[in-house]
Amino acid sequence: MRRILRGAAVLFVLALAALAVFAIPTIWGRPWSIEHFYTRVFAETLWEHPMLLSQLRVLEPYGIRWHDDELDDFSVAFAEREAERVRKNLRTLREYPLDEQSEEQRFSTRVLAWYLQVLADGAEFQFHPFPLNQFDGIQTTIPDFLLNVHQIRDARGARDYVTRLEKTGVAIDQVIAAMRFRMERGIVPPRVIVERVGADVERFLAGGPEASPLLTHFGEQVAKLDAVSDQERGQLLGAARRAVGEVVWPAWERLRGFVPELAAKAHEEVGAWALPEGSLYYGWALRYHTTTNLGADAIHELGLREVERIHGEMRAILAAEGFAVAEVATEAVAPPPAFTEAAPAGGEPAAPAPAPDPAAQAAPAPAPAVVPSLGDVLRAVQANPPVRYGDDEAGRQRILADYQAIVDEAQRRLPELVTRLPRAPVRVERVPAFKESGAAGAYYMPAPLDGSKPGVFYANLRSPAEVVPFSMRTLAYHEAIPGHHLQIALAQEMGGVPFFRRVIPFTAFIEGWALYAERIAGEAGWHPTPMDRLGQLVAEVFRAARLVVDAGLHARRWTREQAIDYMLRNTGMPETEVEAEVERYIVLPGQATAYKVGQMKILELRERAREALGPRFDAKAFNDLVLSRGALPLELLEEVVGEWLVRQPTSDRP
C-alpha cells in the first residue's frame, strides 16, 4: 500500500510539474505551441467579455456558467487594458517562426496577425466611437441582450438574470464616465445623435418600472419553468421587481439626467472629420471595415459609378413593366453642386461664392421644371404594391410569416448554390419595439454554439409601410439564406481550425458575402417576377449609395441633410428609413462601405475563376471555396482563390 501511495505521490508531483511547464506559459508567458497561443488569445477575449461568452455558449454544455451573471466592463480603464493586450499578443505572435508552422497554422497566423495589427493601428482612436448612440448604444444594447441573448432555462438562469439586472447601474455609470472622458478630449456626438439617445431613454422609461419589458419578459420565462415551485417563482419575480425598481430605473434616470449635459457640448457637424484627428480616424475605419487600402475618394467614386450602373438596369425593368421613366432625371446619380464644393477632410472650407450682382437680378429667371428623380419613381412604384400589410399586430405577424416562408423556400433550394449546408436552423423574429426606431431595417444574430437556439433574422417592423413586398425576398436572402445564416453558421461549424477562426469578425467578408448572396439567388432564378428582380436592384443601389454617402459625410463634410437628400433621390427608400440609415453611418464611420466593397471583390474573383477555368468553371465549387475558410480579410481571400486556381485544370483547349 505504501508503494502504491508513493507511486501516486510521484505521479501527482509529475502532473503538477507538467502543469507548471505547459500551463503557466500558456496563461502568462509565451505558450510552447502556436496552437496554445491561439487558444489563449480566444480565451482571453471571452474571459473579458462575459456577454459575448453568454451569446456564444461555448461553456454551458460543460456546466460552466460563472459568466452568466456578469455584464461587460465599459470603463475607460478596461478599454486601455484591452488595447495593451492587443499589442502584447501581436508581439508574442511574431515570436513564432513561420517556417516552424504547418501550412494551416501559417494561414491562421496570418489571419490573426492581420486582425491584431489593424486593432493595434486603431488604438489611438479607441475612444472615437460613442458608447451612447441610437444604433448600438448601451441604452438599448443591454435591454436587448437581456431579452434576446440571456437564456432562462432553469432557476439558476433566472437568478443570473436578476443579478445582471442588479449590475446594470454600474454599467450605465461606466458609460457616463467614459462619455465625460471623451468630452474632455473634444470627442462629442453630433446633436442629432444626442437627441436620438434622449428619445431612446424616454421610451425605455415610459410606463414606469412595472411596465418594463425587462419584467414582463422575465415573468413569461419564469412561468415556463416546470421545476420551479410557486413559492420560488414568487421570490424570483419579487427579486426582479426590486432590481428593476431600485437599480435599473435609477440608472436610466441618471442617463436621462446626463443627456442635457452631453447636449450642451454637442455640435452640428456630423462627420468624423470634425473629431480630433478625424481624417486619420476615418482612414483607419475604412481599412478596418473594408480590409482594403481604398481611401475615401476611391470609395466615393466607386459608389457613384455603381449607382449609375444599377440605375440603368432599374430603368430597363421599370420601362418593361410599363412604368413611365422617360422623364426621370438622368443626372440624379451625381451629387448636387453644394456637395462637390465642400472641402475634403483635413482641408480648408471652400471659399464662399461671390456676392451676386444686384443688376443681374432685375429680371429673375423662370423657375426650372421639376424633374422627378429615379428615387421619386421608385417610391411611387412601391407606394402601390399588390399586397399591403396593415399597421397593426395582425399585419406585423403576416410580415413575419411571409419572411419565414421565403426563408424556408430558400433552405429547400440551397443545394442549387452550395454543397455544404449548415446544421443550425434559422427563424424570423421582430426587432424589439423599444429599439426599432434607431435600428437597421433588419439584422442577423448567429445561433449559439451549443445549438440551444437557432440563428435569428430580425426584421424591423416599426412601420409596415416601409415593408415593400417585392423587396422582401432580397432582404431574406441577405440576412438568412444564402446570406448571413449560411456563411456564419458554416464558419461556426468549421472543424480542424483554431476557435478564433470560427468567430472572427471581418466586416467586408461577412457583409460582402451577404450582398453577393442576393446576387447569386437572383442568378439562380429565385426571383419569380421582374419586380422581385427590381427589389434586388433597390437593395444593391442602396448599398452603392452608402459608399457615396459614407465618404461624403466623413471626408467631404456633407451635412446630414445633404446625405438624406442624396439617398432619397437615388434609392427609392422612404424618408424614415433613409434618416435612420444616415444616422447609422454617422455613428459607424466606414462600416456601411464594407458591403459593396466585399461583394465586388467576390464577384471580381468569381469572374477571374470563370475566365481561368472556362467550361470547367463550377459556380457551386467557387461558392464552397469562398465559404470554406471562414471570414477573411479580402486580400487573404484573393490569395485563397488564386491558390485554388493553380490547382485546377484550366481548360480543354489543346
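Everything quoted here is computed from the prediction, not taken from an experiment.

A. Quick look at the overall build of the chain. In terms of helices and strands, the chain carries 26 helices and three strands. Each of the 654 residues in the chain was classed as buried or not, and the buried ones make up 54%. Restricting to contacts in the chain with at least 6 residues of sequence separation, those with at least 24 account for 79%.

B. Layout of the pattern of salt bridges. Here the structure, examined in full by the defined rule, presents 55 salt bridges. Between Glu44 and Arg85 there is a salt bridge whose closest N-O contact spans 4.0 Å. With Glu44 in helix 2 (residues 34-48) and Arg85 in helix 4 (residues 76-93), this pair connects stretches of sequence that are 41 residues apart. Overall, the relative accessible area of 17% leaves Arg85 in the buried class. One salt bridge in this structure joins Glu232 and Arg159, with 3.4 Å as the shortest N-O distance. One end of the pair, Glu232, is in helix 11 (residues 230-265); the other, Arg159, is in helix 7 (residues 155-166), with 73 residues separating them in the sequence. Note on Arg159: relative accessible area 42%, which makes it partly exposed. A single salt-bridge network, built from bridges that share partners, covers Glu306, Arg309, Glu313, Arg519, Arg533, Glu540 and Lys596.

C. Molecular detail of a nonpolar patch on the surface. Side chains of Trp47, Tyr62, Ile64 and Trp66 sit close together on the surface and give an oily, nonpolar patch of about 500 Å² of accessible area. Structurally, Ile64 is set in the loop between helix 3 (50-56) and helix 4. A relative accessible area of 35% places Ile64 in the partly exposed class.

D. Local environment of the confidence of the model for the chain. Residues at a pLDDT of 70 or more form 87% of the chain, whose mean pLDDT is 88. A low-confidence stretch, residues 1-28 stays under pLDDT 50, and its non-local contacts, those more than four residues away or across chains, total 16 contacts. With pLDDT under 50 throughout, residues 327-370 is counted as low confidence; its partners more than four residues away or in other chains account for 57 contacts.

E. Main features of the environment of Glu540. Along the chain, the position of Glu540 falls in helix 21 (residues 530-555). Look at Glu540 and you get buried, because its relative accessible area is 2%. For Glu540 and Arg519, which are 21 residues apart along the polypeptide, the C-alpha to C-alpha distance reads 8.8 Å. The contacts of Glu540, once residues within four sequence positions are left out, are Glu306, Arg309, Ile310, Arg519, Lys596 and Gln599.

F. A look at the sheet that holds strand 3 (residues 455-459). With respect to topology, three strands assemble into an open sheet ordered 1-3-2, the strand pairing being mixed. Of all the strands in the sheet, the pair left with one neighbour each is strand 1 (426-430) and strand 2 (442-445). Mean inter-strand twist for the sheet, computed between neighbouring axes without regard to direction, equals 25 degrees. Pairing of strand 2 with strand 3 involves four bridges; the strand directions are antiparallel. If you follow Ala442 over to strand 3, its bridge partner there is Ala459. In the packing of helix 16 (residues 393-413) onto the sheet, contacts are made with strand 1 and strand 3, and the angle to strand 1 comes to roughly 160 degrees.

G. Focus on the packing of aromatic side chains. One pass over the full model with this rule turns up 19 aromatic pairs. When the ring of Tyr477 is compared with that of Trp526, the centres are 5.4 Å apart and the planes differ by 70 degrees; the resulting orientation is edge-to-face. Of this pair, Tyr477 sits in helix 17 (residues 472-479) while Trp526 sits in the loop between helix 20 (507-523) and helix 21, and the two are 49 residues apart along the sequence. Neither residue differs from the other here; Tyr477 and Trp526 are each classed as buried. Members of the aromatic cluster, joined through ring pairs, are Phe125, Tyr281, Trp284 and Tyr288. Stacked on the ring of Phe499, the Lys or Arg Arg502 has its end atom at 4.3 Å from the ring centre. Seen from the ring of Phe107, Arg629 lies directly overhead, with NZ or CZ sitting 4.0 Å from the centre.

H. Structural view of helix 6 (residues 138-148). Burial analysis of helix 6 places ten of its eleven residues in the buried class, which makes it a mostly covered element. Those residues of helix 6 that fall on the buried side of the exposure criterion are Ile138, Gln139, Thr140, Ile142, Pro143, Asp144, Phe145, Leu146, Leu147 and Asn148.

I. Molecular detail of the packing of helix 5 (residues 103-121) against helix 26 (residues 634-647). Taken N-terminus to C-terminus, the directions of helix 5 and helix 26 make an angle of 160 degrees; their axes are 10 Å apart at the nearest point. Of the possible angle classes, the one that applies to helix 5 and helix 26 is roughly antiparallel. Contact residues: Phe107, Arg110, Val111 and Trp114 in helix 5; Glu635, Leu636, Glu639 and Val640 in helix 26. Residue composition of the contact of helix 5 with helix 26, grouped by class: five nonpolar, no polar and three charged.

J. Molecular detail of helix 2. With 15 residues, helix 2 should cover 21 Å at 1.5 Å per step; its first-to-last C-alpha distance of 21 Å lies within 8% of that length. Among the residues making up helix 2, those that are buried are Ile34, Phe37, Tyr38, Arg40, Val41, Phe42 and Leu46.

K. Region of interest: the packing of helix 20 against helix 25 (residues 619-627). Orientation of helix 20 relative to helix 25, taken along the N-to-C sense of each, is 160 degrees, at an axis distance of 12 Å. Judged on the interaxial angle alone, helix 25 and helix 20 are roughly antiparallel. For the crossing formed where helix 20 meets helix 25, the hand is left-handed. Of the residues in helix 25, those in contact with Phe509, Trp513, Tyr516 and Ile520 of helix 20 are Phe622, Asn623, Val626 and Leu627.

L. Geometry of the pairing of strand 3. When you tally the buried positions in strand 3, you get five out of five residues, the bulk of the element. The two faces of strand 3 match: Gly455, Phe457 and Ala459 on one face and Val456 and Tyr458 on the other face are all buried. Summarising the sheet, strand 1 and strand 3 pair through five bridges and their orientation is parallel. Residue pairing across strands places Glu429 opposite Tyr458, the latter belonging to strand 3.

M. Layout of the side chain of Arg462. With respect to the secondary-structure elements, Arg462 resides in the loop between strand 3 and helix 17. The class of Arg462 is buried, set by a relative accessible area of 18%. Within the structure, Arg462 has its side chain in polar contact with the backbone oxygen of Glu436 (distance 2.8 Å). Once you skip the residues sitting within four places of it in the chain, Arg462 turns out to touch Arg396, Glu436, Ser437, Ala439, Glu577 and Ala580.

N. Inspection of the environment of Lys620 at higher detail. If you trace the backbone, Lys620 turns up in helix 25. For the pair Lys620 and Pro415, spaced 205 residues apart in sequence, the C-alpha separation works out to 8.7 Å.

O. Broad picture of the side chain of Gln139. You can see Gln139 is positioned in helix 6. For Gln139, a relative accessible area of 1% corresponds to the buried category. In this structure the side chain of Gln139 is engaged in a polar contact, spanning 2.7 Å, whose partner is the backbone oxygen of Asn133. Of note is the side chain of Gln139, whose polar atom sits 3.0 Å from the side chain of Asp200. Aside from chain neighbours lying at most four places away, what touches Gln139 is Leu132, Asn133, Gln134, Val197, Asp200, Val201, Trp252 and Leu255.

Thresholds, definitions, all that
Counting starts from 1 at the beginning of each chain's written sequence and moves along it residue by residue. For this predicted model, a pLDDT threshold of at least 70 governs which residues receive local features, and a threshold of 80 or more governs which side-chain atom pairs are given and counted, while totals over whole chains, interfaces and linings are taken from all residues. Only hydrogens and water are removed before side-chain values are computed, so all heavy atoms of the structure are retained for them. Strands are runs of DSSP state E lasting at least 2 residues, helices are runs of H or I lasting at least 4, and numbering of each runs from the N terminus. We call a residue buried when its accessible area falls under 20% of the maximum for its residue type, exposed when it is over 50%, and partly exposed in between, using a 1.4 Å probe and counting protein chains only. Residue contacts follow a heavy-atom distance rule, with two residues in contact if any of their heavy atoms lie within 4.5 Å. Basic side-chain nitrogens of Lys or Arg form a salt bridge, by our definition, when they fall within 4 Å of a carboxyl oxygen of Asp or Glu. Patch members must show over 30% relative accessible area and no salt bridge, and they are joined within 9 Å when carrying like charges or within 5 Å when they are nonpolar side chains of Val, Leu, Ile, Met, Phe, Trp or Tyr. Using a 1.4 Å probe, the Shrake-Rupley method yields the accessible areas, and only the shown protein chains count as cover for residues. pLDDT gives the predictor's per-residue confidence on a scale running from 0 to 100. Strands pair, by our definition, only if DSSP identifies at least two bridges between them. Comment: axis = line fitted to C-alpha atoms, over the contacting stretch for helices; angle = value between 0 and 180 degrees taken between N-to-C directions. By convention, a stacked pair of Phe, Tyr or Trp rings (six-membered ring in the case of Trp) has centres within 6.5 Å and planes under 30 degrees apart, an edge-to-face pair has planes over 60 apart, and any other such pair is tilted. The criterion for a charge sitting over a ring is simple: Lys NZ or Arg CZ within 6 Å of the ring centre, and within 35 degrees of the ring normal. To sort the angles, those under 35 degrees are grouped as roughly parallel, those over 145 as roughly antiparallel, those from 65 to 115 as roughly perpendicular, and the leftovers as oblique. Residue polarity is assigned by list, with Asp, Glu, Lys and Arg as charged and Ala, Val, Leu, Ile, Met, Phe, Trp, Tyr, Cys and Pro as nonpolar; anything else, Gly included, falls into the polar class. Expected span of a helix, by definition, is 1.5 Å for each gap between consecutive residues, and there is one gap fewer than residues. Should the near helix be turned anticlockwise from the far one by less than a right angle, the crossing is termed left-handed; should it be turned clockwise, right-handed. Polar contacts here mean pairs of N or O atoms no more than 3.5 Å apart (in protein, one a potential hydrogen donor and the other a potential acceptor; neighbouring residues in sequence count only if both atoms are side-chain atoms).

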